[in-house]
Amino acid sequence: MTLSQLEIGEIGIVKEFTDLEMSVKLMEMGCLPGEEVRVSRIAPLGDPIAIHVSGYQLSLRKFEASTIILH
Amino acid sequence: MKADIRVALIGNPNTGKSTLFNALTGLNQKIGNFPGVTVEKKTGYSQLPDGRKAEIIDLPGTYSLYPKSKDESIVFSVLAEKGTGLTPDLVVVILDATNLKRNLLLYTQVADLKIPVIIALNMIDLAKKSGIIIDINLLAKKLGVPVVPVSARKLEGIAELKIAISFANKFALQQESIDVNAIAPELIESISREIKTNNPYFALQLAHQHENIAFLTPAESDRIEELEKEHSFHSQKAQATETIARYSYINDVLYDTVKTPVTAHDETHSNKIDKILTHKVFGFIIFLGILMFMFQSIFAWSAYPMSLIEELFVWIQGALRNILPVGPLTGLLIDGVVAGLSGVMVFIPQIAILFAFISILEDTGYMSRVTFMMDKIMRKVGLNGKSVVPLIGGFACAVPSIMSTRTIENWKDRMITIMVTPLVTCSARLPVYTLLIALVVPNRNVWWLFNLQGLALTGMYLLSLVSAIVVAYVMKYILKSRERGYFIMELPVYRMPRWNNVLFSMYERAKTFVLEAGKVIIAVSIILWVLSSYAPSDRFEKIEQKYQQPQYTKTIKPDELNRIVSSEKLENSYAGVLGHVIEPVIKPLGFDWKIGIALITSFAAREVFVGTMATIYSVDGDATRIESVQEKMRNAKNPHGQPVFSLAVAFSLMMFYAFAMQCASTVAVVYRETKDWRWPAAQFAYMTVLAYAAAFISYNLLK
């Protein structure tokens, strides 16, 4: 299961990443393996999405979210 | 100004870094660029309590020393580079107390470079409010650096921070954060030997970033590349390992220093606002409302100060004319320099108002929501969610709008936005359109409801927006991006705007525009003045002699005679000669050489078209009254006895003004924002080609 498949309000735990380059940026932003993520909203046109991670709100595109595999 | 100590401010975006910078330096600051790049560099001076003077450098906000954009890449260069006159003696790392975990990542990277560091723990008041308890003394002890709690917005803790700066160590005493050597032991050792450094993290950073660092010689950079191959170093894997190690260290540090309640108060508060502002329906309605309000205000609020500035300059010109003796130097000063200066100053109200809005939108956190909502549509045409604001601002004036594209982090998105913004119908095109539409479009209603003239004008506005989108779409495929497009972006919590920052931003932008774009505009005005007030050989003398003959002086009133003389002078000036020269080129568009003169003189600013038409057709009475210009233009006949301004010619002219880059200020500001003459040149070229094609097509269709 990937982060892009979660609905608003659903929670997941980050397991690993499928894209190394993207993962480096995501981890710098506090989105690390073991971290809890919650989808807080989806943009009016369906993309991008906003997630709650390590104490703040982060927005990323659906494609970027699909590189995050959850437990 | 010479400073005793150089301090760099560094921190994540949205941590109140610029507020702290303003609090430390006051108005004593200047904006420039870092050498060789277009990344904005803000420096200022601060008086320390021990009497010394500190130079403060505000570095671009970044989440890590590994850059995601060009702006961020400057941060490591400034920290590491020796001998550029920018190397800081001390780094003040600003941390957002409400989100210490992510903020500390950058701190640990800077700390490992072994530069003396102080932590400014900002937004300490907001952290307290949301129930976050921080043991500041323990945090300082664990990290081994001074930690000063501040609230930059409320100006609390600024004095303490200044004291901490003046007592700062000359040596880095911070604790080691992670075991850097463990990431790539052999490589770090060989690079350290190669470039003679004893800092393993500096060596590791060079391994990652050597290609983008100016102070390494090509030989050194190649040598590092060789060493990387030798030790099979994988940059991204190493970064991943490092980031995980750093967060594990940060978790250790925060374990007994920070207590966070389950849900932070601010977050839920922000969430409620987001539910409305990014709502499927209301979100767009509110955004549209804000844009319309912005657009209206730029138009309405700037009208009065702009006419005030214009009147002031007219008065100055009049006063100078009375004082100074008549001569070429006086003419140059009054009609060249002062007129050019007036052309620069008149933009200040629009720039200040647009930047007030943008600064408020950014400060409150709303701008990132705009990007969030618009990203999907704008990405399709090669633009960015943030491009919406410059494009709409372009309806008022392209100059401040292009300056505002700095908020777009992605290089390619920003360039495309800069390239297409001048296509949007700006307020300077309005007088040209109204003049020409009133001339050829009948003032009557169709289907009872729609006024034909109004429809034509609306059509021109829509056309401009469509053409901007089409050109952006084409450029998306032409421009090669140097960065991969990310959209990993923080949505900061909503906060009240800081009015001080709003004022600073209005003042700074206006100042920057006047100082930098002003030079080019004044130069162009002077050139145009020379072109229209001098003539080859003795043509002017002949005209004056001709009209001094009694057959003219006796039959024509002096006022009328003056107008005829100046009209004939303009026709014979270098501008007039140029008009004749370009006539064969513009003939297929339906333009004669008189229109050619107007095209040349209105290069400095489009609205000059109306004034030039008034001079050419020696309009009597108040030349600024559009009706009298219209009357003369309506009666103008070509050598075949047909009216010059037929429907075809008028629309051809409007098409030309819709697409052509008839604005020296925009050219100047595009150069300032890109620091490369090829951008404004390319823009000028593509817009001229478009203008020519559109005018040619509409002339031949309507002829």
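Being a predicted model, the structure only gives us computed values, none of them experimental.

Participant: Report on the overall build of chain B, specifying residues and quantitative values.
Facilitator: A tally of helices and strands in chain B yields 31 helices and 12 strands. The buried share among the 703 residues of chain B stands at 45%. Sequence-distant contacts, at least 24 apart, represent 73% of the contacts inside chain B between residues at least 6 apart.

Participant: Please set out the domain arrangement of chain B residue by residue, giving values where relevant.
Facilitator: The assigned domain composition of chain B is domain 1 (5-166), domain 2 (180-262), domain 3 (282-427 + 471-500) and domain 4 (501-702). For domain 1 of chain B versus domain 4 of chain B, the distance between C-alpha centres works out to 51 Å.

Participant: Requested: an account of the interface of chain A and chain B, with residues and values cited.
Facilitator: In this complex, chain A contributes 28 residues to the contact, which on the side of chain B involves 33 residues. When contributions to the side of chain A that touches chain B are tallied by element, the ones reaching two or more residues are helix H1 (20-28), strand E2 (36-42) and strand E4 (56-60) of chain A. Among the elements that take part in the side of chain A that touches chain B, H1(A) stands out by supplying 8 residues, more than any other. Per-class residue counts for the side of chain A that touches chain B are 14 nonpolar, 7 polar and 7 charged. By the bridge criterion, 3 bridges tie E4(A) to strand E12 (residues 489-491) of chain B in an arrangement that is antiparallel.

Participant: An account of the sheet that holds strand E3 (residues 49-53) of chain A is needed here, citing residue identities and associated values.
Facilitator: Strand order in the open sheet formed by 6 strands is E5(A)-E1(A)-E2(A)-E3(A)-E4(A)-E12(B), and the pairing between neighbours is antiparallel. Because the sheet does not close on itself, it has two edges, and the strands there are strand E5 (68-70) of chain A together with E12 of chain B. Here the strands of the sheet are splayed against their neighbours by 45° on average, with no regard to which way each runs. Relative to the sheet, helix H15 (residues 366-380) of chain B contacts E3 and E4 of chain A together with E12 of chain B, its axis offset from that of E12(B) by approximately 120°.

Participant: Now, about the packing of helix H25 (residues 574-586) of chain B against helix H26 (residues 593-601) of chain B: what can you tell me, with residues and values included?
Facilitator: Helix packing geometry: the angle between the two helix axes and the distance between the axes. All names here are of chain B. H26 packs onto H25 with a crossing angle of 110° between their chain directions and a minimal axis gap of 7 Å. Looking at the two axes, H25 sits roughly perpendicular to H26. Every pair of crossing elements has a handedness; the one defined by H25 and H26 is right-handed. Within the contact between the two elements, H25 uses Ala 575, Gly 576, Leu 578, Gly 579, His 580, Ile 582, Glu 583 and Ile 586 and H26 uses Trp 593, Lys 594, Gly 596, Ile 597, Ile 600 and Thr 601. Residue classes in the contact of H25 with H26 are distributed as 7 nonpolar, 5 polar and 2 charged.

Participant: Would you mind going over helix H7 (residues 185-195) of chain B in detail, with residue names and values included?
Facilitator: All names here are of chain B. Buried residues of H7: Leu 187, Ile 188, Ser 190 and Ile 191, and no others. Contacts made by the buried residues of H7 are with helix H8 (200-209) and helix H9 (218-230). Following H7 by one or two positions, Lys 196 adopts a phi angle in the positive range, close to 55°.

Participant: Which residues make up the nonpolar core, and what values go with them?
Facilitator: Counting 210 residues, the largest nonpolar core has Val93(B) and Ile119(B) as the members making the most contacts within it. Dropping the residues within four chain positions of it, Ile119(B) is found in contact with Val93(B), Leu95(B), Tyr107(B), Val145(B), Pro146(B), Val147(B) and Val148(B).

Participant: An account of the packing of helix H12 (residues 282-323) of chain B against helix H13 (residues 328-345) of chain B is needed here, citing residue identities and associated values.
Facilitator: All names here are of chain B. At a minimum axis separation of 10 Å, H12 and H13 run at an interaxial angle of 165°. With respect to each other, H12 and H13 are oriented roughly antiparallel. As for how H12 packs across H13, the hand of that crossing is right-handed. Mapping the contact onto sequence places Ile 309, Glu 310, Phe 313, Ile 316, Gln 317, Leu 320 and Arg 321 in H12 and Leu 333, Ile 334, Val 338, Ser 342 and Met 345 in H13.

Participant: Give me the lowdown on the pairing of strand E1 (residues 11-17) of chain A, citing residues and values where you can.
Facilitator: All names here are of chain A. Strand direction decides the pairing type here: E1 and E2, joined by 3 bridges, are antiparallel. Looking across to E2, one finds that Ile 13 is bridged to Glu 36. As defined by bridge partners, E1 adjoins E5 across 3 bridges and the pair is classed as antiparallel. What sits directly across from Val 14, in E5, is Leu 70.

Participant: Any chance you could break down the environment of Arg321(B) for me, citing the residues and the numbers?
Facilitator: Residues and elements named next belong to chain B. Along the polypeptide, Arg 321 turns up in helix H12. Take Arg 321: there are 14 C-beta atoms within 10 Å of it, and that puts it in the partly exposed class. Sequence separation between Arg 321 and Leu 333 is 12 residues; the distance between their C-alpha atoms is 9.8 Å.

Participant: Can you tell me about the environment of Ile74(B), naming the residues and giving the values?
Facilitator: All names here are of chain B. One can find Ile 74 in helix H2 (residues 70-80). Owing to 25 C-beta atoms within 10 Å, Ile 74 belongs among the buried residues under this scheme. The sequence separation of Ile 74 and Val 388 amounts to 314 residues, and the corresponding C-alpha distance is 27 Å.

Participant: Residue-level account of unusual backbone geometry, with values.
Facilitator: Geometrically, the link from Asp47(A) to Pro48(A) is a cis peptide bond, its omega value of -5° lying close to zero. Relative to the helices and strands, Pro48(A) is located in the loop between E2 and E3. You will see that Asn14(B), though not glycine, has its phi angle at about 65°, which is positive. Tracing the backbone through its elements, the reader meets Asn14(B) in the loop between strand E1 (5-11) and helix H1 (17-25). A residue is classified by how many C-beta atoms lie within 10 Å of it, and Asn14(B), with 20 of them, is buried. With a phi angle near 60°, Met123(B) is a residue other than glycine that sits in the positive phi range. The residue Met123(B) is located in the loop between strand E6 (117-122) and helix H4 (124-129) in this model.

Rules used in this analysis
Residues numbered from 1 in each chain as written. Chains lettered and ligands numbered in written order. Predicted model: local features only at pLDDT ≥ 70, side-chain atom pairs only at ≥ 80, totals over all residues. Helix = DSSP H or I, 4+ residues; strand = E, 2+ residues; numbered from the N terminus. Buried ≥ 20, exposed ≤ 12 C-beta atoms within 10 Å, placed from the backbone. Contact = placed C-beta atoms within 7 Å. Domains from an automatic or database assignment. Nonpolar A, V, L, I, M, F, W, Y, C, P; charged D, E, K, R; others polar. Pairing = 2+ DSSP bridges. Axes fitted to C-alpha atoms, helices over the stretch in contact; angles between N-to-C directions. Parallel < 35°, antiparallel > 145°, perpendicular 65-115°, else oblique. Left-handed = near helix turned anticlockwise from the far one by under 90°. Core = buried A, V, L, I, M, F, W, Y, C linked by C-beta atoms within 7 Å.

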